[in-house]
Amino acid sequence: MENAITADNIPMMGHTTFTVGGTPKQPINLSLTRLAAKVNLRVKNAIPAIFRPDKVTVHNIPKFILLDGSAETEPLATENYSRMEAVQKEDGSYTFYIPQNKRGIQAGLSLPSEKGGSNVPPRSTYIRVRGNYKHAVWGWVPFFYRIYPGANMYNDFNIEQNKQYNIGITLTGTNDNDKRVYPPQDLSIDADGNPATANSYIVLEEGRAYFFDATVQGNGATTPGKDEVAGAKWYGPKIEPRKMSPKNAFWIWKTDEALIDEVTLSSKKDKVFFVIGDDVINGNALIGIQEEGTPEGEVAWSWHIWKSDEDDDPRENPDPHRVRDNTNGSFESTNANWTRAGTVEYLMTRSLGSYSKKWTPHNHMYYQWGRKDPLYLKSHGSLTIKLI
């Protein structure tokens, strides 16, 4: 079942006992129980000058109905859940019906502002208010709020059949400490807030806005040329990055039409914002910019966006692969006990663009030697290509 429950189409269940062949035309009494929950929602925007809501959607809706209302909702596989856009009624409110989805009670939560983020059990049903927020520096940017229905608004994540949930939401701001607030995530800084730009960014959440610094080419570091490093026979020409002046931003290709919902440039024209589509599990895309004063259609730089449901921090791998940079263009395999001179680097757990840490043919990006931009091979045929 997928988004099929409406006010005129609510599945019900009941049982009774009666004697076959008893009194003719004897009425049979049967009590019915609704197998879906009813949600009444009202959203009040208290900050219309800086937030413009444009869509309300409901996520992690089970595609199946449980006949036993006491049972937990399983399994967690993504294909068993769907989403829908809530339809606003004339009075501005929303009403929708969803199957049971009992995700439990999270101990230790006592405030509504804590009901979100990492405190949420997997596949909990949530209501998302999407819109655009007027940032003091970046201008209008994509912005989201998430509300998790339940018996209360702070630690209960159970949606139970035959129950009604009345929810009132008042949007008052963008408090960073409120886990129901989902501002765009900056990809071009590290965990300590230091600049950390790259040519490839991994993103983990669907239905989320992200952004990166569009004025920096790659990691912003100078790549020495073959004439500057002794014995560096594999080095190419020297690359000196320059600060770019973006004019506009756009996606160049994407492996799934729904992967990237929108691409925009900040009002200061220094950040690229994009939104990962709803319920997209894995995929790859290429985002580019055009610079001021360049011919229409000319791409000044591009970035690989890698959507995965698994992070790739090789330092967290219990048995990481390492290599030693000999500083002359060559690398040697090493291990944790390596003692010779040279910088030891960690290797990623998989190839760029791979959907899983378990390698399978053709589930990653391909690169032409000397070029930073990935190639997406939609159809491989009999072509055999080795990992880089």
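Structure first, text after, so check above.
All figures in this text were calculated on a predicted structure; none of them were measured in a lab.

### What to know about the overall build of the protein chain
Okay, step 1: If you tally the helices and strands in the protein chain, you get 0 helices and 23 strands.
Okay, step 2: For the protein chain, the residues scored as buried account for 40% of the 388 residues in total.

### Examining the pairing of strand β17 (residues 260-265)
Okay, step 1: By the bridge criterion, 5 bridges tie β17 to strand β18 (residues 271-276) in an arrangement that is antiparallel. Of the residues in β18, the one forming a bridge with Leu 265 is Val 272.
Okay, step 2: Taking the residues that link successive antiparallel strands as the turn, the β17-β18 hairpin has 5 residues, and the phi of Lys 269 there is positive, at about 60 degrees.

### A look at the nonpolar core
Okay, step 1: Judged by nonpolar contacts, the single largest core of 29 residues is most densely connected at Leu 41, Phe 51, Phe 96, Ile 127 and Tyr 145.
Okay, step 2: Where this core is concerned, the elements lending two or more residues are β3 (36-45), β4 (51-62), β6 (94-99), β8 (126-135), β9 (139-147) and β11 (164-171).
Okay, step 3: Discounting residues that sit within four places of it in the chain, Ile 127 has contacts with Val 39, Leu 41, Val 56, Thr 57, Phe 96, Tyr 145, Arg 146, Ile 147, Pro 149 and Ile 167.
Okay, step 4: One finds Phe 274, Ala 285, Ile 287 and Trp 301 within the second-largest nonpolar core, a separate group that totals 22 residues.

### Observations regarding the sheet that holds strand β15 (residues 209-213)
Okay, step 1: Pairing within the open sheet is mixed, and its 4 strands lie in the order β13-β15-β18-β17. Two strands close off the open sheet at either side, each with one partner strand: β13 (185-186) and β17.
Okay, step 2: Across 5 bridges, the pairing between β15 and β18 is antiparallel. Looking at β18, one finds that Phe 212 is bridged to Val 272.

### Description of the pairing of β3
Okay, step 1: Of the strand pairs in this sheet, β3 and β6 are connected by 6 bridges, and their pairing is antiparallel. Its bridge partner lying in β6, Val 39 is registered against Phe 96.
Okay, step 2: Alignment of β3 against β11, held across 8 bridges, turns out to be parallel. In the sheet register, Leu 41 faces β11, and the bridge partner there is Ile 167.

### Description of the pattern of salt bridges
Okay, step 1: For the coordinates displayed, the defined rule picks out 12 salt bridges.
Okay, step 2: Residue Arg 180 pairs with Asp 178 through a salt bridge whose shortest N-O separation is 2.8 Å.
Okay, step 3: For Arg 180, a relative accessible area of 23% translates into the label partly exposed.
Okay, step 4: For Lys 271, the salt bridge goes to Asp 270, with nearest N and O atoms at 3.3 Å. Here the two residues Lys 271 and Asp 270 agree in accessibility, since each one is buried.
Okay, step 5: Through salt bridges with shared partners, one network takes in Arg 130, Asp 261 and Glu 262.

### As for the side chain of His 304
Okay, step 1: Topologically, His 304 is positioned in strand β20 (residues 301-307).
Okay, step 2: Among the polar contacts listed, one links the side chain of His 304 to the side chain of Asn 284, at a separation of 2.7 Å.
Okay, step 3: Once residues lying within four places of it in the same chain are set aside, the contact partners of His 304 are Asn 199, Ser 200, Tyr 201, Asn 284, Ala 285, Leu 286, Leu 352, Gly 353, Met 365, Tyr 367 and Pro 374.

### Re the packing of aromatic side chains
Okay, step 1: Following the criterion strictly, the structure yields 14 aromatic pairs and no others.
Okay, step 2: Pairing Phe 64 with Tyr 81 gives two aromatic rings, centres 6.2 Å apart and planes at 70 degrees, and the pair type is edge-to-face. Taken together, the positions of Phe 64 in the loop between β4 and β5 (81-85) and Tyr 81 in strand β5 put the pair 17 residues apart, joining distant regions of the chain.
Okay, step 3: For Tyr 81, a relative accessible area of 6% puts it in the buried group.
Okay, step 4: Within the aromatic cluster, the residues linked to one another by ring pairs are Tyr 201, Tyr 210, Phe 212, Phe 274 and Trp 303.

### Focus on the environment of Gly 218
Okay, step 1: Examined against the element boundaries, Gly 218 turns out to sit in the loop between β15 and β16 (246-254).
Okay, step 2: Separated by 19 residues in sequence, Gly 218 and Asn 199 have C-alpha atoms that sit 4.6 Å apart.
Okay, step 3: Leave out the neighbours within four places in its chain, and Gly 218 touches Thr 197, Ala 198, Asn 199 and Trp 301.

### Examining unusual backbone geometry
Okay, step 1: At Arg 123, a residue that is not glycine, the phi angle is positive and equals roughly 65 degrees.
Okay, step 2: A positive phi angle, close to 60 degrees, is found at Lys 269, a residue other than glycine.
Okay, step 3: Tracing the sequence through the fold places Lys 269 in the loop between β17 and β18.

### Thoughts on the sheet that holds β11
Okay, step 1: Read from one edge to the other, the open sheet built from 3 strands follows the order β6-β3-β11, with strand pairing classed as mixed. The open sheet has two edge strands, β6 and β11, and neither has a second partner. Each strand of the sheet is rotated relative to its neighbour by a mean of 25 degrees, with strand direction disregarded.

### Thoughts on a nonpolar patch on the surface
Okay, step 1: Together, Met 12, Leu 30 and Leu 32 make up a nonpolar patch on the protein surface, roughly 290 Å² of accessible area in all.
Okay, step 2: Note that Leu 30 resides in the loop between β1 (12-13) and β2 (33-34).

Rules used in this analysis
- Residues numbered from 1 in each chain as written.
- Predicted model: local features only at pLDDT ≥ 70, side-chain atom pairs only at ≥ 80, totals over all residues.
- Heavy atoms only, no water.
- Helix = DSSP H or I, 4+ residues; strand = E, 2+ residues; numbered from the N terminus.
- Buried < 20%, exposed > 50% of the residue type's maximum accessible area, 1.4 Å probe, protein only.
- Pairing = 2+ DSSP bridges.
- Core = buried A, V, L, I, M, F, W, Y, C linked by side-chain atoms within 4.5 Å.
- Contact = heavy atoms within 4.5 Å.
- Salt bridge = Lys/Arg side-chain N within 4 Å of Asp/Glu carboxyl O.
- Polar contact = N/O pair within 3.5 Å; in protein donor to acceptor, adjacent residues only side chain to side chain.
- Phe/Tyr/Trp six-rings, centres within 6.5 Å; stacked < 30°, edge-to-face > 60°.
- Axes fitted to C-alpha atoms, helices over the stretch in contact; angles between N-to-C directions.
- Patch = residues over 30% accessible without salt bridge, like charges linked within 9 Å, V, L, I, M, F, W, Y side chains within 5 Å.
- Areas by Shrake-Rupley, 256 points an atom, 1.4 Å probe, with all protein chains shown as cover.

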